Each structure stands twice: as C-alpha cells, then as structure tokens.
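One letter stands for each residue in the lines below.
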Amino acid sequence: MSVLAYSLVVFILATAVATALFRDVLSVIIVFGAYSLGMAILYTYLLAPDVAMTEAAIGAGVTTLLLLLTIARTSRPSTDDIRERIHVPAVVAVGAFVLLLGTVVLPEMYAVGLTETPVWSNPDVTQHYIRETYEQTGVQNAVTSVLAAYRGFDTFGEAVVVFAAGVSTLLVLKREVFA
C-alpha cells in the first residue's frame, strides 16, 4: 500500500476514535461526516467507485445533513465535558485486536490491481459473469446486472434501511420542542 492509503487509514481510525470519545453531539456529527468522507476516498483508492459514491452521498452527505437537521429541530443538551473518559481495558483490548489485524491480516492481503488476486487468477468466474450476464438478466452492463439481479435482495435491503431512516427522521423532525 502507498503512503496515501496508510494516511487514509490513520485518518479514518482517528476520526472513528474521536467519534466515540466526543460528548458534544455537534462535534460527533461533524467528525462522523469526516469519517464517511475518508471512507469514500479510501473506496475510490481501492478502485470501488460505486461504493465510494454511495458512501459519499449517504454517509457524508445525507446522514450528516439529517443529523444536523435533527439537532437543529430538537433540544441540544449542554455538556460540561467535551470528551468521554477513556476506558483503559477497552482501549487495550481494541488496540491488541487492531495490532493483530495489522500484523497478521494486512500482510496477507493482495495489492490493489495485482494480477495474482483471486478474481484474476480464476478467470472462469469472471468470464461467466461477463458472458452470461445479458442472457441471464437482460442487462447489458455487467456491473449493473450484478447490483440489480445477482445482489437484488441486498440492494432491496439497503433501500428498506434508507426508507426506514427517512421515515424515522421525519418523525423526529416533526416533534415540537418546548423550552
């Protein structure tokens, strides 16, 4: 991985930790939006532009906007402490897990674009989707057919989650605030 990828991973981990530690709701929303934007950039680096666009639109865009609108329409509690206290045993456990992942799992991962990756080393699977996608789905674009036909239930599940979040947000925004 390059320096850019390592920098993105460090940024993503830092924003994730900051999201967990901050007590101020507005600070958490802003840092979480930065986290989502970092993930979108990482997905772009990993050559997954469809996932990157979804993360940027839903994670960094719509979710951040809905959360900001929610706290604007509801009461915002004032907090004296800006951060939570750090629970040392939890930090040690999570740190050990991240260290384990970094030393055992990351060296086993393939580099981006490497021709020895399982996708390229098994051309039968790749060629099956390229050859059979139009006949099985009626869609000419292979990526669209995978998303719409082969992963249809997954896409439907995502749509249900987004719909439920939208309905919940509308219910919260209609709530009257009496000070």
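Source: prediction; values computed, not measured.

(A) Broad picture of the overall build of the protein chain. A tally of helices and strands in the protein chain yields eight helices and zero strands. When the helices and strands of the protein chain are placed in sequence order, the string is α-α-α-α-α-α-α-α. By residue count, 16% of the 179 residues in the protein chain fall in the buried class. Taking the intrachain contacts of the protein chain between residues at least 6 apart in sequence as the baseline, contacts between residues at least 24 apart amount to 53%. For the protein chain, the accessible area works out to roughly 13100 Å², and carbon and sulfur atoms hold 70% of it.

(B) Structural detail: helix α3 (residues 49–73). Compared with an ideal rise of 1.5 Å per residue, which puts 25 residues at 36 Å, α3 spans 34 Å between its outermost C-alpha atoms and is within 8% of the ideal. The sharpest bend along α3 measures roughly 25° and falls at T63. Every buried residue of α3 is accounted for by A52, G59, T64, T70 and I71.

(C) Looking closely at the side chain of S36. Here S36 is to be found in helix α2 (residues 25–45). With residues near it in sequence (within four places) discarded, S36 still touches E55, G59 and A60.

(D) Geometry of a nonpolar patch on the surface. On the surface, L13, V94, F97, V98, L100, L101, V104, V105, L106 and M109 cluster together to form a nonpolar patch covering roughly 880 Å² of accessible area. The element best represented in the nonpolar patch is helix α4 (residues 88–105), accounting for seven residues. Secondary-structure assignment places V98 in helix α4.

(E) Spotlight on the packing of α2 against α3. Two elements in contact, α2 and α3, have axes separated by 8 Å at closest approach and are oriented at 170°. It follows that α2 is roughly antiparallel to α3 by the angle criterion. When α2 is examined against α3, the residues V25, L26, I29, F32, G33, S36, L37, M39, A40, Y43 and T44 are found in contact with a partner set consisting of V51, A52, E55, A56, G59, A60, T63, T64, L67, L68 and I71. Here the residues of the contact of α2 with α3 sort into 15 nonpolar, six polar and one charged.

(F) Layout of the packing of aromatic side chains. Going through the model one piece at a time under the given rule, you end up with one aromatic pair. Taking the centre distance of 5.9 Å and the plane angle of 25° together, the rings of F32 and Y35 count as stacked. Residue F32 and its partner Y35 are located together in helix α2, separated by three residues, close to a single helical turn. Residue classification places F32 among the partly exposed residues on the basis of a relative accessible area of 30%.

(G) Examining the packing of helix α6 (residues 123–137) against helix α7 (residues 142–150) more closely. Two numbers describe how α6 lies on α7: the axes approach to 10 Å, and their chain directions differ by 55°. It follows from the interaxial angle that α6 and α7 lie oblique. As for how α6 packs across α7, the hand of that crossing is left-handed. Here α6 contributes Y129, E132, T133, Q136 and T137 to the contact with α7, which in turn contributes A142, S145, V146, A149 and Y150.

(H) Seen up close, the confidence of the model for the protein chain. Predicted confidence across the protein chain gives a mean pLDDT of 80, with 87% of residues reaching 70 or more. No element of the protein chain has a lower mean pLDDT than helix α5 (residues 118–121), which averages 67, and none a higher one than α2, which averages 91.

About the cut-offs
Residues numbered from 1 in each chain as written. Predicted model: local features only at pLDDT ≥ 70, side-chain atom pairs only at ≥ 80, totals over all residues. Heavy atoms only, no water. Helix = DSSP H or I, 4+ residues; strand = E, 2+ residues; numbered from the N terminus. Buried < 20%, exposed > 50% of the residue type's maximum accessible area, 1.4 Å probe, protein only. Contact = heavy atoms within 4.5 Å. Areas by Shrake-Rupley, 256 points an atom, 1.4 Å probe, with all protein chains shown as cover. Expected span 1.5 Å × (residues − 1). Bend = angle between axes of the 7 residues up to and from the residue. Patch = residues over 30% accessible without salt bridge, like charges linked within 9 Å, V, L, I, M, F, W, Y side chains within 5 Å. Salt bridge = Lys/Arg side-chain N within 4 Å of Asp/Glu carboxyl O. Axes fitted to C-alpha atoms, helices over the stretch in contact; angles between N-to-C directions. Parallel < 35°, antiparallel > 145°, perpendicular 65-115°, else oblique. Nonpolar A, V, L, I, M, F, W, Y, C, P; charged D, E, K, R; others polar. Phe/Tyr/Trp six-rings, centres within 6.5 Å; stacked < 30°, edge-to-face > 60°. Left-handed = near helix turned anticlockwise from the far one by under 90°. pLDDT = per-residue confidence, 0-100.

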